[in-house]
Amino acid sequence: MFARGEAQRAEAAVKRLLVRTPQYPTDIKLITRDGASVSGHGGGTSYAALFNKTNLRATILASVPWFLQDLGTYGIGIFTPTILAAAVGANADHARSVADIIANDITAAKGAALITTLLIVGIIFAVLLADVVGRIRLQVLGFIGCAAGLLLASFSSMVSGGASTLLIFAGFMLFNFMTNLGPNAQTYLLAGEVFPTAIRGKGAGFAAAFAKVGAVLTAFLFPILLTSIGTTALLYGLIVTSILGAIVTWLFKIETTGINLDELEQQ
């Protein structure tokens with residue numbers, strides 16, 4: 001609000017945040033960097049500002065990798081039991097009774113729960129490393145790791161028995177760890193940091209909305225694609241999207257690690 005010239009609303013919001021007993025500071029007045037006070041209400045900034053020459057790079061960095069990441073993360077996350085069942089051959093074609101079908105589904109669900117624990121491990125490492133390694137490096141590394149995990153899982157179609165099961169589990173566990181270490185965590189940070197203050201809320205909101213288009217498409221299209229092209233081909237497609245995510249992140253990189261956001265805005 002303050003960056004858009006809405007000083008009165010900004011001061012009112014700050015006063016609500018700083019209510020305490022005894023009240024300190026007693027008088028709250030927002031001023032600009034040059035020391036002059038700001039008054040009046042600005043007209044705001046439209047979403048078109050996200051696509052001008054100054055902000056387009058940030059918009060692409062915040063939106064496109066997040067979209068590509070959601071394709072894989074939601075696809076693997078939602079349909080892991082189905083993919084596991086198809087990949088290891090535990091499907092209805094081998095079932096001799098309803099009990100067998102239920103047993104297959106329970107086995108796949110247990111496997112999915114085990115694989116999902118790597119999401120927790122990944123996010124812990126993301127918290128510890130984001131300010132050490134940097135957002136961009138972790139996001140690129142995460143995308144590459146996701147592609148490696150999916151490639152490993154795709155090899156399960158070339159073998160059978162225990163080796164197939166081992167490959168699909170190892171691949172998905174690597175994918176879950178790397179997605180939370182990298183893009184699934186870093187996209188949240190970058191979307192809230194790469195935009196100027198005046199449009200930061202709009203930028204982060206647009207990036208999140210654009211990404212969720214990928215999530216919705218995944219939820220609707222994955223069952224169709226699993227049936228029409230098969231598990232292996234679908235994994236190859238997600239490998240491509242992960243590699244694209246790494247490329248886009250690197251080409252449009254804006255590193256915010258260790259940089260004051262006011263300084264980044266001036267740059």
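In this text, all values refer to a predicted model and were calculated from it rather than measured experimentally.

Caption draft 1: Highlighting the packing of helix α7 (residues 200-228) against helix α8 (residues 231-251). One way to put it is that α7 packs onto α8 with a least axis distance of 7 Å and a crossing angle of 130 degrees. With respect to their mutual orientation, α7 and α8 come out oblique. Along the contact surface, α7 presents Phe222, Leu225 and Leu226, while α8 presents Thr231, Leu234 and Leu238. Looking at the contact of α7 with α8, its residues break down into 5 nonpolar, 1 polar and no charged.

Caption draft 2: Expanded view of the packing of helix α4 (residues 135-154) against helix α6 (residues 183-191). Between α4 and α6, the least distance of the axes is 8 Å, while the angle of their chain directions is 150 degrees. The element α4 and its partner α6 pack so that their crossing is left-handed. Only Pro183, Gln186, Thr187, Leu189 and Leu190 of α6 make contact with α4, whose side of the interface consists of Arg135, Ile136, Leu138, Gln139, Gly142 and Phe143. Here the contact of α4 with α6 is composed, by residue class, of 6 nonpolar, 4 polar and 1 charged.

Caption draft 3: Here's a closer look at the nonpolar core. Ile76, Ile83, Leu84, Leu150 and Phe172 are the most contacted members of the largest nonpolar core, which has 26 residues in total. Only α2 (56-88), α3 (98-133), α4, α5 (162-181), α7 and α8 provide two or more residues apiece to this core. Counting residues in each nonpolar core, the second largest holds 18 residues, with Ala58, Trp66, Ile199 and Ala207 among its members.

Caption draft 4: Region of the structure containing the confidence of the model for the protein chain. Averaged over every residue, the pLDDT of the protein chain is 83; the share at 70 or more is 80%. Per-residue pLDDT, averaged within each element of the protein chain, yields its smallest value for helix α9 (residues 261-266) (65) and its largest for α4 (96).

The rules behind these values
Each chain carries its own residue numbering, running from 1 in the direction its sequence is written. Only residues with pLDDT of 70 or above have their local features reported here, since the model is predicted, and side-chain atom pairs are shown and tallied only from 80 upward, although totals for entire chains, interfaces and linings are computed over all residues. For side-chain calculations, the full set of non-hydrogen atoms in the structure is used, while hydrogens and water are omitted. Convention adopted: a line fitted to C-alpha atoms gives each axis, helices being fitted over their contacting stretch, and angles between N-to-C directions are expressed from 0 to 180 degrees. Helix and strand assignments come from DSSP, with helices taken as H or I runs of at least 4 residues and strands as E runs of at least 2, each series counted from the N terminus. Oblique is the label for any angle not under 35 degrees, not over 145, and not in the 65 to 115 range, which are roughly parallel, roughly antiparallel and roughly perpendicular in turn. By the convention used here, residues are in contact when the closest approach between their heavy atoms is within 4.5 Å. Only Asp, Glu, Lys and Arg are considered charged, only Ala, Val, Leu, Ile, Met, Phe, Trp, Tyr, Cys and Pro nonpolar, and every remaining residue, Gly among them, polar. Crossing chirality is assigned from the near helix's rotation relative to the far helix, an anticlockwise turn below a right angle marking it left-handed and a clockwise turn marking it right-handed. Here, nonpolar core means buried Ala, Val, Leu, Ile, Met, Phe, Trp, Tyr and Cys residues that are tied together by side-chain atoms lying within 4.5 Å of each other. For each residue, the accessible area found with a 1.4 Å probe, counting protein chains only, is set against the maximum for its type, and the residue is called buried under 20%, exposed over 50%, and partly exposed in between. Scored from 0 to 100, pLDDT reflects the predictor's confidence in each residue.

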